[in-house]
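Okay, here's what each chain looks like letter by letter:
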Amino acid sequence: MTLQSDIENLQTKTLADLAATTDLQKLEALRLETVGKKGALTEILKGMRELSDDDKKTVGALANAFRDAFASQFEAKKSELELESINAQLGKETLDVTLPGRRQKQGTRHVLTQTLEELEAIFLGMGYEIVEGDEVETDYYNFERVNLPKNHPARDMQDSFYITEETLLRTHTSGMQARVMEKHDFSQGDLRMISPGRVYRRDTDDATHSHQFHQLEGMVIGEHVTMGDLKGTLELVIRQMFGADREIRLRPSYFPFTEPSVEVDVSCFKCGGAGCNVCKHTGWIEILGAGMTHPNVIEMSGLDPNIYQGFAFGIGQERIAMLKYGITDIRGFYQGDVRFLEEFGN
Ligand code: DAH
């Protein structure tokens, strides 16, 4: 019977091909062309219609036996080839478990933020409120209300970025003195505030100046505020920032919004006063400006200067941070260089 020998021939040839296959794709192709729907076996079995019932049984049994034999050898070959391909891949890839792991980087607060938070904590501890102002300020509050009328020569020191004739990027945080004073309810007690923030000034771009920097304004106004309070307050703040054995010294200076005005120096925290490169061999480091609030400033805010007095001070945040951490170039604060920022991990 020819169908029988056709199946036997197919079986011999296919199983030999299968054993010789070395590639998974070819193996699958062989399956399709042999026992697939349109494969060789299907083709042979089309001849079944013409057979007697007995022959149909014999041929059917033979076909099933072939299918089973093919299936089991196919699976065995497939597992063998898959294993080979995994082994080949493992041979190519190496995993070195002695390599160091990948560290997760943890960010830190910016050194200026850290400095500000330290200052704020000290003032909060003394009952000050923290007030924020706008960086775009009117000429009126930035200058006039702190006793710098139009054409006042002291405006030159801070000449600035004007937006219109009457508005500018604030040159200092001192404008907040007037804004806070005129709002304060003195029946509730003295005014004690600090106001930190960014200020802008036309400036030469050298290592210690920037056209944009940060100040911390401070002000205390009441009926019995003296210059002794100013000195005691600043001494406390500076000792907390720079060490308990620091001394401060007040030197006469000039600011239009204070009278008298002082420049405040701290005894050098590096050499203790003997003289070194940090204090330029003077034993003292200039640290901030301050003074007793000028009666004009008090009066313009609607208060009687014969009843109310007080003091104000202006701290450069960058300057404090530079001194405290020995930073020599102000531009480091703004460039976002990770190597710089990482120096000041919390
Ligand atoms: N506004 C001053 C400046 O930018 C700093 C300053 C000095 C503020 C003395 C004050 C002060 O409140 O009393 O240079």
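All residue numbers here refer to positions counted from 1 along the written sequence of the relevant chain. In view of the model being predicted, local features appear only for residues whose pLDDT reaches at least 70, and side-chain atom pairs are presented and counted only at 80 or more, with totals across whole chains, interfaces and linings using the full set of residues. The side-chain quantities take in all heavy atoms of the structure and omit both hydrogens and water.

Some points on the site of the ligand
Working definition: residue near molecule or strand if any one of its non-hydrogen atoms lies within 4 Å of it. Residues in contact with the ligand amount to 16 residues; listed here are only the nearest, Ser 174, Gln 177, Arg 201, Gln 215 and Glu 217. The definition of a polar contact used here is a pair of N or O atoms within 3.5 Å, where within protein one atom must be able to donate a hydrogen and the other to accept one, and adjacent residues in sequence count solely through side-chain atom pairs. One of the backbone N or O atoms of Phe 313 is found 3.3 Å from an oxygen atom in the ligand. Relative to its unbound accessible surface of 350 Å², the ligand loses 91% to contact with the protein. We count a stretch as a helix when DSSP gives it H or I for four or more residues in a row; a strand needs E for two or more, and each element gets its number in order from the N terminus. Breaking the shell around the ligand down by element, the ones donating at least two residues are strand S6 (212–222), strand S9 (284–293) and strand S10 (309–316). For the shell around the ligand, the residue count by class is five nonpolar, nine polar and two charged. Accessible areas in this description were obtained via Shrake-Rupley with a 1.4 Å probe; residue shielding takes into account the shown protein chains only. Following the grouping adopted for this structure description, the nonpolar residues are Ala, Val, Leu, Ile, Met, Phe, Trp, Tyr, Cys and Pro, the charged ones are Asp, Glu, Lys and Arg, and the polar ones are all others, Gly among them.

So, helix H2 (residues 24–35)
Multiplying 1.5 Å by the residue count of a helix minus one yields the expected span of that helix. Counted at 1.5 Å a residue, the expected span for H2 with its twelve residues is 16 Å, and the 16 Å between its end C-alpha atoms agrees. Categorising residues by exposure relies on relative accessible area from a 1.4 Å probe, with only protein chains included: less than 20% of the type maximum marks a residue as buried, more than 50% marks it as exposed, and the intermediate range marks it as partly exposed. The set of residues buried in H2 consists of Leu 27, Leu 30 and Thr 34. Across the axial projection of H2, the buried residues extend over an arc of 60 degrees, all falling on one side. In H2, the exposed positions angled more than 90 degrees off the buried face are occupied by Gln 25 and Glu 33. Taking the backbone nitrogen of Gln 25 as reference, a side-chain oxygen 2.7 Å away marks Asp 23 as the first, capping residue of H2. An arc is given here, and it is the one of the directions from the helix axis to the C-beta atoms.

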